[in-house]
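# Analysis of the macromolecular model
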Amino acid sequence: MSGGVDSSVAALLLTEQGYDVKGVTLQVWEPEDENTAVTKKWEERGCCKIGLARHVARRLGIPHEVVDTQETFRKNVVDDFIAGYLGGTTPNPCVRCNERVKFGGLYQLAKSRGADFVATGHYARVLPVDEGVGLFRGADGKKDQSYFLYRLPAAWLPHILFPLGHLQKPEVWARAEELDLPADEMKESQEICFVTQGDYRTFLTTEAPQALRPGPFLDPDGRTIGEHRGIAFYTPGQRKGLGIARGERLYVKEVNPETNAVILGRAEDLSRQACMVHDVNWLAGALPETLDDVAIKYRYASPAVSGRARQHTAETLSIEFREPQQALSPGQSLVLYQGDRVLGGGIIEPFERHPISTALRETAFT
């Protein structure tokens, strides 16, 4: 229970369905000062609002406890986030948090307490399939969060409940009114819960001053055309904040941590037909050698695109898109779907690490 609308309504629905519910709030970032929490703006807090979670628990008549996971969160999410940017990739902290902290911590806690299920307010569904259960998109396509959950171990799925998975967001808002949550709290959470002031670049400047390491901006031919402030502050597809005047629109094509260079290009230079993903987690039985027709999401906010996947090694997949895609970002998650079912996914590789084989590049997509 984060203290937000979704987890609060999830707890409400479970009590109505007859479950014996116990609320748990994971304290993941800065402590909340109970003497000032009622006046502290929600934007200035971390993702978990302990006072509100306690309020909801009291309204529902369920026990509530706070579990301190700040050290785990710092190591597995924040430090991973910083290291990713310093290494020239674009990490996804929400994916890592769900895998390593939220579900990782709650699943172990549930086992130690003899609980049968872990439940959260995510918009996703666990549904029966031939081999047991599978992970599926939430019914509300605009709120679906299955992309962030693809790294959950398949063995955990039978013990996970998503009470909001079949609902539309307006239905959740309507039920939330029963819980007397403050009007100021009836807002969506921030994209990155621990970046509470400014954007991620401000956070990096404070937490990792070594990110300020100037280097060259290069054009696609390798010519120096300016100086950047540090590779950590640039991501593929970025156009704003480059400070380069060339008479044409330039975008970040890629960053190279080995040479401390940021390569720029025109929009058409950002297209890629294929990529590799590593650290694969598979949720749908055995990993097949080839999937010829899958839906691919390589960015949460973008719609899925069509393509195919081939097993490259036990831990890597080669991905080919039916149509070239713009501004793929190494470090981001790429998730594969068939219909609404999440098959699995992995982390996009830096392009120079695993060049796609000539055979794959030259094979026409049919």
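Residues numbered from 1 in each chain as written. Predicted model: local features only at pLDDT ≥ 70, side-chain atom pairs only at ≥ 80, totals over all residues. Heavy atoms only, no water.

In terms of nonpolar packing, the biggest core is built from 56 residues, with Phe 73, Phe 81 and Phe 194 touching the most fellow members. If you tally residues by element for this core, the top one is helix H4 (residues 93–113), at eight residues. In this structure Phe 194 touches Trp 29, Phe 73, Val 77, Val 78, Phe 81, Pro 93 and Phe 203, once residues within four positions along its chain are discounted. Judged by nonpolar contacts, the second largest core, of 23 residues, contains Val 5, Val 21, Ala 57 and Leu 161. (Core = buried A, V, L, I, M, F, W, Y, C linked by side-chain atoms within 4.5 Å. Buried < 20%, exposed > 50% of the residue type's maximum accessible area, 1.4 Å probe, protein only. Helix = DSSP H or I, 4+ residues; strand = E, 2+ residues; numbered from the N terminus. Contact = heavy atoms within 4.5 Å.)

Going through the model one piece at a time under the given rule, you end up with 23 salt bridges. With a shortest N-O distance of 3.4 Å, Arg 137 and Asp 340 are connected by a salt bridge. Placement of the pair is Arg 137 in strand S5 (residues 132–137) and Asp 340 in the loop between strand S15 (333–338) and strand S16 (341–348), with a sequence separation of 203 residues. Here Arg 137 falls in the buried class, since its relative accessible area comes to 16%. Between Asp 269 and Arg 266 there is a salt bridge, and its shortest N-O distance comes to 3.8 Å. (Salt bridge = Lys/Arg side-chain N within 4 Å of Asp/Glu carboxyl O.)

Another point: the environment of Glu 254. Secondary-structure assignment places Glu 254 in strand S9 (residues 251–256). Measuring from C-alpha to C-alpha, the distance between Glu 254 and Pro 220 comes to 10.0 Å, with 34 residues separating the pair along the chain. Here the side chain of Glu 254 touches Arg 272 through a polar contact of 3.4 Å, side chain to side chain. (Polar contact = N/O pair within 3.5 Å; in protein donor to acceptor, adjacent residues only side chain to side chain.)

A separate point is the confidence of the model for the protein. Mean pLDDT over the protein stands at 89; residues scoring 70 or higher make up 87%. Under a pLDDT of 50 for its full length, residues 34–46 has, in the predicted model, 23 contacts with residues more than four places off or in other chains. Taken as a whole, residues 357–363 scores under 50 in pLDDT and shows seven contacts with residues more than four places along the chain or in a different chain. (pLDDT = per-residue confidence, 0-100.)

Another aspect to go through is the packing of aromatic side chains. Tallied over the full model, the rule gives 14 aromatic pairs. For the pair Phe 81 and Phe 203, a centre-to-centre distance of 6.0 Å together with 70 degrees between the ring planes defines the contact as edge-to-face. One end of the pair, Phe 81, is in helix H3 (residues 70–86); the other, Phe 203, is in helix H6 (residues 200–207), and 122 residues separate them in sequence. Just as Phe 81 is buried, Phe 203 falls in that class too. Members of the aromatic cluster, each reached through a chain of ring pairs, are Phe 73, Phe 81, Tyr 85, Phe 194, Tyr 200 and Phe 203. Over the aromatic face of Tyr 337 sits the side chain of Arg 137, whose NZ or CZ is 4.0 Å from the ring centroid. Between Lys 169 and the ring centre of Trp 173, over which it is positioned, the NZ or CZ distance is 4.8 Å. (Phe/Tyr/Trp six-rings, centres within 6.5 Å; stacked < 30°, edge-to-face > 60°. Lys NZ or Arg CZ within 6 Å of the ring centre and 35° of its normal.)

Attention now moves to the sheet that holds strand S7 (residues 215–218). Strand order across the open sheet formed by four strands is S8-S7-S10-S9, with mixed pairing between neighbours. Strand pairing shows two members of the sheet lacking a second neighbour, strand S8 (224–228) and S9, which therefore form its edges. Neighbour-to-neighbour, the strand axes of the sheet open up by a mean angle of 30 degrees, direction not taken into account. As defined by bridge partners, S7 adjoins strand S10 (residues 261–265) across two bridges and the pair is classed as parallel. Residue pairing for S10: Leu 218 is matched across the bridge by Ile 263. (Pairing = 2+ DSSP bridges. Axes fitted to C-alpha atoms, helices over the stretch in contact; angles between N-to-C directions.)

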